[in-house]
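This is what each chain is made of:
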Amino acid sequence: MITAFFNQMPVLVVVVPLLAAPLCVLAHRAFAAWLLYVLASWSAFGMAFLLFVQAKIAGQVSYAVGDWAPPFGIELVIDTYSALVLLLVTGVAALTGIYARKSIASEITIEREYLVFALMLLCLAGLIGITVTGDAFNLFVFLEISSLSSYALIAMGPKRRALLSSFQYLIMGTVGGTFLLIGIGLIFMMTGTLNMADLAERLPGVYDTRTVQAGLAFVVVGLSLKAALMPAHIWLPNAYTYAPSTVSAFIAATATKVAVYALFRFVFTIFGVGYAFGSLPLGTLLLTLAAISMIAGSLASIFQTDVKRLLAWSSVAQMGYIVAGFALASTAGVSAGLVHLLNHGIIKGALFMAVGAMIWRVRASSINDLAGLGRAMPLTSAAFVVGGLSLIGVPATAGFISKWALLSALFEAGRYGVMAVLLVASLLSIIYVGRVIEALYFRPLPDDVSHHQHGEAPLGMQVATWALIAINIAIGVHATPELEATGRAAALLVGGGT
Amino acid sequence: MSDWLGHALASPALVLMLGALLIAALPRWLHGVWLLTIPAAALALLWQLPMGEYGQLSLFGFDLTTLRVDGLSRIWATIFLIAAFLTGLYALHVNDRLQHVAALAYAGAAVGAVLAGDLVTLFIFWEATAIASVFLIWAQRTIKAHIVGLRYLVIQVISGLLLMMGAIIHYHATGSIAFNHLGLATPGGLLIFAAFGIKAAFPLLHNWVQDAYPEATVSGTVILSIYTTKLAIYSLARGYAGTEALITIGAIMTIFPIFFAVIENDLRRVLAYSLNNQLGFMVVGIGIGTPLALNGAAAHAFAHILYKGLLFMSMGAVLYRVGTVKASELGGLYKSMPWTAAFCIVGSMSISAFPLFSGFVTKSMILTAAAENHHWIAWMAMLVASAGVLDHSGIKVPFFSFFHHDAGFRVREAPLNMLLAMGATAALCIGIGVYPAPLYAILPFDVDYSPYTTTHVVNQLQLLMFAALAFVVLFRSGLYPPEVRGVNLDTDWLYRAALPAAGRAIHRGVSALRAGLVRGLAQLAGVAQHWLTEGFGTNGVAARTWTSGVMLLWVTALLAAYLLIYY
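Conventions we followed
Residues numbered from 1 in each chain as written. Chains lettered and ligands numbered in written order. Predicted model: local features only at pLDDT ≥ 70, side-chain atom pairs only at ≥ 80, totals over all residues. Helix = DSSP H or I, 4+ residues; strand = E, 2+ residues; numbered from the N terminus. Rg over C-alpha atoms; globule rule 2.2 N^0.38 Å. Buried ≥ 20, exposed ≤ 12 C-beta atoms within 10 Å, placed from the backbone. Core = buried A, V, L, I, M, F, W, Y, C linked by C-beta atoms within 7 Å. Contact = placed C-beta atoms within 7 Å. Nonpolar A, V, L, I, M, F, W, Y, C, P; charged D, E, K, R; others polar. pLDDT = per-residue confidence, 0-100. Axes fitted to C-alpha atoms, helices over the stretch in contact; angles between N-to-C directions. Parallel < 35°, antiparallel > 145°, perpendicular 65-115°, else oblique. Left-handed = near helix turned anticlockwise from the far one by under 90°. Expected span 1.5 Å × (residues − 1).

Chemist: Summarise the overall build of chain A; cite the residues concerned and give the values.
Modeler: Regarding its fold elements, chain A presents 20 helices and 2 strands. Here chain A has a C-alpha radius of gyration of 21 Å; the compact-globule value for 498 residues is 23 Å, and the two agree. Its C-alpha atoms give chain A principal-axis dimensions of roughly 70 × 55 × 40 Å. Burial status across chain A gives 67% buried among its 498 residues.

Chemist: Account for the overall build of chain B, with residues named and values stated.
Modeler: Counting secondary structure elements, chain B contains 20 helices and 2 strands. The buried share of chain B, reckoned over its 567 residues, is 55%.

Chemist: Outline the nonpolar core, listing residues and values.
Modeler: Residues L51, F117, L121 and L422 of chain A together with L16, F80 and M382 of chain B are the most contacted members of the largest nonpolar core, which totals 424 residues. Ranked by residue count, the leading element in this core is helix 12 (residues 291-322) of chain B, at 20 residues. Residues contacting L422 of chain A, with those up to four places away along its chain left out, are M294, Y321, L406, L407 and L410 of chain A.

Chemist: Give me unusual backbone geometry: which residues, what numbers.
Modeler: Backbone geometry follows two general trends: most residues other than glycine have a negative phi, and most peptide bonds adopt the trans configuration. The omega angle of the peptide bond from M230 of chain A to P231 of chain A is -5 degrees, so this bond is cis rather than trans. With respect to the helices and strands, P231 of chain A occurs in the loop between helix 8 (210-227) and helix 9 (235-242). The backbone of R141 of chain B shows a phi angle near 60 degrees, a positive value even though the residue is not glycine. Residue position: R141 of chain B is located in the loop between helix 5 (119-138) and helix 6 (143-174). Positive phi values are uncommon outside glycine, yet H374 of chain B reaches one of about 60 degrees.

Chemist: Tell me about the interface of chain A and chain B, and please be specific about residues and values.
Modeler: Facing the 42 residues of chain A at the interface are 43 residues of chain B. Looking at the side of chain A that touches chain B, the elements with two or more residues in it are helix 6 (161-191), helix 8, helix 9, helix 12 (282-303), helix 17 (398-412), helix 18 (416-441) and helix 20 (480-497) of chain A. The class makeup of the residues in the side of chain A that touches chain B is 32 nonpolar, 8 polar and 2 charged.

Chemist: So, the confidence of the model for chain B: which residues are in play, and what are the values?
Modeler: In the predicted model, chain B carries a mean pLDDT of 82, and the fraction of residues at 70 or more is 86%. Across the predicted assembly, pTM comes out at 0.82 and ipTM at 0.71.

Chemist: Before we move on, can you summarise the environment of M353 of chain A with the specific residues and values?
Modeler: Residues and elements named next belong to chain A. Mapped onto the secondary structure, M353 falls in helix 14 (residues 331-362). Judged by C-beta crowding, with 35 C-beta atoms within 10 Å, M353 ranks as buried. The spacing of M353 and L170 is 183 residues in sequence and 24 Å in space, taken between C-alpha atoms. In this structure M353 touches Y99, A249, M461, A464, T465 and L468, once residues within four positions along its chain are discounted.

Chemist: Describe in detail the environment of F125 of chain B, supporting the description with residues and values.
Modeler: Residues and elements named next belong to chain B. Residue placement: F125 occurs in helix 5. Residues F125 and V114, spaced 11 residues apart in sequence, show a C-alpha to C-alpha distance of 8.8 Å. Setting aside residues up to four positions removed in sequence, F125 forms contacts with A109, G112, A113 and A116.

Chemist: Summarise the packing of helix 9 (residues 218-240) of chain B against helix 12 of chain B; cite the residues concerned and give the values.
Modeler: Residues and elements named next belong to chain B. In the contact formed by helix 9 and helix 12, the axes pass within 8 Å of each other and the chain directions differ by 165 degrees. In terms of axis orientation, helix 9 runs roughly antiparallel to helix 12. The interaxial crossing formed by helix 9 with helix 12 has right-handed handedness. Here helix 9 contributes V218, S219, T221, V222, S225, I226, K230, I233 and A237 to the contact with helix 12, which in turn contributes L294, A297, A301, I305, K308, G309, F312, M313, G316, L319 and Y320.

Chemist: Quick one: what's the story with helix 7 (residues 187-199) of chain B, residue by residue and with numbers?
Modeler: Residues and elements named next belong to chain B. Taking 1.5 Å per residue as the helical rise, helix 7 with its 13 residues ought to reach 18 Å, and the 19 Å between its terminal C-alpha atoms agrees with that figure. The element helix 7 is largely enclosed, with a buried count of 10 among its 13 residues. Looking only at helix 7, the buried set comprises G188, G189, L191, I192, F193, A195, F196, G197, I198 and K199. In this structure, the buried residues of helix 7 make contact with helix 6 and helix 9. Looking one or two places after helix 7, you find A201, whose phi comes out positive at around 60 degrees.

Chemist: With reference to specific residues and values, describe helix 6 of chain B.
Modeler: Counted at 1.5 Å a residue, the expected span for helix 6 of chain B with its 32 residues is 46 Å, and the 46 Å between its end C-alpha atoms agrees. Following helix 6 of chain B by one or two positions, G175 of chain B adopts a phi angle in the positive range, close to 75 degrees.

Chemist: Explain the packing of helix 4 (residues 113-132) of chain A against helix 10 (residues 245-271) of chain A residue by residue, including any values.
Modeler: Residue and element names in this part refer to chain A. It is at 10 Å that the axes of helix 4 and helix 10 come closest, and there the two elements cross at 25 degrees. Considered as vectors, helix 4 and helix 10 are oriented roughly parallel to each other. Crossing hand, helix 4 versus helix 10: left-handed. Residue-level contacts link M120, L127, I130 and T131 of helix 4 to F250, T254, A255, V258, Y261 and A262 of helix 10. Among the residues making up the contact of helix 4 with helix 10, the classes are represented as 8 nonpolar, 2 polar and no charged.

Chemist: Describe the environment of Y152 of chain B, with residues and values.
Modeler: Residue and element names in this part refer to chain B. By secondary structure assignment, the location of Y152 is in helix 6. The class of Y152 is buried, set by 26 C-beta atoms lying within 10 Å. Remark: the alpha-carbon pair of Y152 and Y213, spanning 61 residues in sequence, is separated by 9.3 Å. Sequence-distant contacts of Y152, that is, excluding residues within four places in its chain, are made with V134, I137, W208, D211 and A212.

Spelled out as structure tokens, the structure:
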């Protein structure tokens, strides 16, 4: 029984949330749907943890869907790289479950609440699917599942602007998805296979063809779009700003990260390091775009007046950090990129949750509306401060570990220019985080506001926010396990392709 | 020795930081007790630790030494903890949780940095000092304080980033992160030197001191004046002892703030300039690098923290009672605040190195070391600077606030806890001056040095003589308006005529230059701001909501670029 469960776990981790989604719709009640979401996401998190351990012991967990032997059937493959991202996605999803109840109730009418949970489960299933699959086309399918559900989720935001944002995201996301599909089609044309491992074996024979080169270009651009790398980032600020707070926290912490995961799964595992970074100048291209992202995202963030938008722009900058690490294509670089991918997911999730709690209270999201909340909501504000410090990269937080790892890797690779850009970007981050902290602590509470009857945010929101903050501090204080795991993943990715 | 002493958790720095956390949670009436017992407990713990390296931790692949107790680090940690106790006493009446938490955390970070045995630990605490300290400025809760604080924080973090970069480069070059002598020969060493230089307020990197310190709260300024700069001095002593360049830098540092201090009206800013000048003496001592010079630097830092703290405390008391520390508005306060005036004079005499006060027994060590090693130019510079100190800190500060013409303020004497703190600090200043043996005993090197020998008295006489000579030179060179010529050599002769004249001349030049620069920079900033707002403001080109068509155009361009490059 137990063995059977363990054997089926790679597929169960996708199937459980996928099947829970229609159950939510059938249940049709807000509370029942929420309960289903919590159960499904926590069980997915539990399985993700077990899979992570399995992948650590065995090196790689492989599962043939429907017993069709790969490369003919669809294969699910979990190695350390995917297991780490899987842990992030399911972990954030599980904590979002605790967070969601009150936050969603305040932003969405009760008749439609069950839809939010159903869609979040679908989105979760899609994101999990992307990380566990070993099949290129299957990855596209899961990407579309997660994208379609996130368009709908963003459209449910309380303001009417949410509709436009969602529509733009839909157009951009679909273009990205189509590009990815074209890219996969092109390499399928040349190799006749869709299994990743099989592709990796057959592609070297046809490296020099224009078709494969174009395939790589399409895949990279398509996934850059989903990952919001400059200049394909512009859908992101609106999408994060106008989505319901819970959805912002969940998507900001996971969706773009999974896109980066998929991008580098393609580049490293399928196309191979030597090809993408040796024969073709992908590294320099991505580093340039990453550097532009860091500066432009931070600058734009400084000027924002809406706190969610500020965080969203900071995400654009932080995606630059992550991609810069991966784009070095060295073990240290990939490890650093992956560390920041995980850490940034945790940090941004916590920050969006803290901000969501403030919005829950003041029913508005401009920085001016947060004035004086440091007194009124001490715990939530403190969580924002710790998260903000981590975003800046202050020692004893996860952000510091990322920054240190990234700088070391950049130095090792001799990319001094990017190092300088990263340092400037982290100085800029002090300013945008400082603006929010100033409003929270050094401005008086407005007198004429009617929200005085509210106190701190509800317990669920607090617990989820502080859980992420605690993980963040734990990583900052004791980073060895994380670094050891990302190091293993990096060695696998960089070493495996050459 | 018990086992727990060797553990990373048994660190005086952590005692302070945990204390800060406790204060954040404790009810108000317990704050006072904690503010005093925590530094005392940390000090007791420090002296329980025998010399050696403890607190080995492994953090992301580095083996850290979080606790290194040796002669150099112990004297610095000791004075930091004493200062934490005194400032805690001084701030006892403050009803602001934020300030108490920030003060203890800041002290803890500074102590942690001083006790750090490796560059990573140093960096961690280095950043912590920056973050904890900025809250002492922000606690003023004005828009101006917020902006100044942000400026201060950015400069501090730049220093931290330089240190981090330097540490990474140093590690890649040598394979070690131990914080020992670094030297300027390597790129890593240079970057770390720049990081230390910013915090030590080297000339041209110094502006943040005068910018930020006078904007903090009453007790905040006292606290700020203690840790950051002296931490940098410690770091220089650890990493760059005997670096020739430091002698020049230090000599310049002793001289140039004097002119600004003389013409400055805000007395807390005057003290901030004179802080800079005192740091110069220590930097010279480190640059000379002999055991005597390093001892001098350490001892001078020790004495300096006390007398500079005392001066800032007295000005803080004036600010607290009167509401201003503008020299032009004060005067005659000795009637209302006799005790504060007396303590301020003790501080002034100490900083001016009168015999029997703490400044004398420590500054003379640096001067002796400079003379012994034939650094005559630096020696001269320090002599001139000593004369300047006498003027701006020794006379100007107490005179304008407590004497001069009566400005008519009738206020109450400073609160009891402030008086006690100032009294204790003043007692230490005099105690060290009269009986320096205990201080000498804890200096990093065993040097047989006695300040009250014939030689040193002669040295001091020389100092006074050269100080007088410097005045005469200024006097004869016609820098004074003719009508001043016949004025008796009264105390106000100095600050009313001689130095202000020279100061004004220099100031005119500097301000003309500065005005030009500022105009240019302002224009440039205007253009840059316009450009930034156009580009990144909420409705700027880069940050506004694009139409879907424009987005797609960009994506197509990106794809085209990729395809082109690959072909």
